[in-house]
Amino acid sequence: MDETKKLVRNITKGIQEKKGNGIVIADLTKVEGAICRYFVICQGNSPTQVEAITESIGDFVRQKSGDKPTKVVGLTNAQWVAMDYTDVMVHIFLPETREYYNLEGLWEDAKLTRVPDLD
């Protein structure tokens with residue numbers, strides 16, 4: 001399995017560790033002009049949960065592969081946090097912010113994979 005796909009899998013596990021939900025993986029590899037290879041989009045139910053998911057992803061990925069994000073933005077008010085892993089961008093939203101920006105709709109040319117929520 002290629003390193004980017006392993007990174008996506010580890011990010012997904014980090015999200016699930018803190019009960020993040022609505023996980024969508026957008027495969028941008030065939031989208032001309034895309035800024036990265038994959039988007040991983042999810043949501044938390046509160047700013048506190050968005051922060052916890054962000055921390056969990058960082059810890060999980062660092063432990064499994066040694067990778068660290070090149071940049072993390074949005075933690076100040078934790079309505080939309082973006083984590084840049086170069087080939088993978090992670091977007092952690094509050095539900096209303098996710099609905100407003102509708103990244104899945106903006107990247108509708110991408111292959112979207114919905115990951116079932118864990119109970």
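Up top is the structure these notes are about.
In this text, all values refer to a predicted model and were calculated from it rather than measured experimentally.

Thoughts on the packing of helix α1 (residues 3-17) against helix α2 (residues 47-65)
(1) Moving on: Packing of α1 against α2 brings their axes to within 8 Å, and their N-to-C directions diverge by 135°. With respect to each other, α1 and α2 are oriented oblique. Along this stretch, α1 crosses α2, giving a crossing that reads as right-handed. Side by side, α1 and α2 meet where Leu-7, Asn-10, Ile-11, Lys-13, Gly-14, Ile-15 and Glu-17 of the first sit next to Ile-53, Ser-56, Ile-57, Phe-60, Val-61 and Lys-64 of the second.
(2) Moving on: Class assignment for the residues of the contact of α1 with α2 results in seven nonpolar, three polar and three charged.

Some remarks on the side chain of Gln-49
(1) Moving on: Mapped onto the secondary structure, Gln-49 falls in helix α2.
(2) Moving on: Other than its neighbours up to four places away in sequence, Gln-49 contacts Lys-18, Lys-19, Gly-20 and Gly-44.

Side note on unusual backbone geometry
(1) Moving on: Despite not being glycine, Lys-19 shows a phi value in the positive range, around 60°.
(2) Moving on: Tracing the backbone through its elements, the reader meets Lys-19 in the loop between α1 and β1 (21-27).
(3) Moving on: Look at Lys-19 and you get exposed, because its relative accessible area is 53%.
(4) Moving on: Even without glycine at this site, Thr-86 takes up a positive phi of about 65°.
(5) Moving on: Note on placement: Thr-86 falls in the loop between β4 (80-84) and β5 (88-93).

Concerning the state of the cysteines
(1) Moving on: If you walk through the whole model with that rule in mind, you get zero disulfides.
(2) Moving on: The thiol of Cys-36 is not disulfide-bonded; the next cysteine sulfur, from Cys-42, is found 15 Å away.
(3) Moving on: Relative accessible area serves as the criterion here: at 0%, Cys-42 is assigned to the buried category.

Looking at the environment of Lys-64
(1) Moving on: If you trace the backbone, Lys-64 turns up in helix α2.
(2) Moving on: Judged by its relative accessible area of 55%, Lys-64 falls in the exposed class.
(3) Moving on: Distance in space between the C-alpha atoms of Lys-64 and Lys-6 is 9.4 Å, their sequence separation being 58 residues.

Looking at the packing of aromatic side chains
(1) Moving on: This structure, assessed with the given rule, holds four aromatic pairs.
(2) Moving on: The interplanar angle of 85° and the centroid separation of 4.9 Å between the aromatic rings of Tyr-100 and Tyr-101 together place this pair among those described as edge-to-face.
(3) Moving on: Residue classification places Tyr-100 among the exposed residues on the basis of a relative accessible area of 65%.
(4) Moving on: On the basis of relative accessibility, which here comes to 38%, the residue Tyr-101 falls in the partly exposed class.
(5) Moving on: Feature note: the residues Trp-80, Phe-93, Tyr-100 and Tyr-101 constitute an aromatic cluster, connected by ring pairs.

Conventions and cut-offs
Residues numbered from 1 in each chain as written. Predicted model: local features only at pLDDT ≥ 70, side-chain atom pairs only at ≥ 80, totals over all residues. Heavy atoms only, no water. Axes fitted to C-alpha atoms, helices over the stretch in contact; angles between N-to-C directions. Helix = DSSP H or I, 4+ residues; strand = E, 2+ residues; numbered from the N terminus. Parallel < 35°, antiparallel > 145°, perpendicular 65-115°, else oblique. Left-handed = near helix turned anticlockwise from the far one by under 90°. Contact = heavy atoms within 4.5 Å. Nonpolar A, V, L, I, M, F, W, Y, C, P; charged D, E, K, R; others polar. Buried < 20%, exposed > 50% of the residue type's maximum accessible area, 1.4 Å probe, protein only. Disulfide = S-S within 2.5 Å. Phe/Tyr/Trp six-rings, centres within 6.5 Å; stacked < 30°, edge-to-face > 60°.

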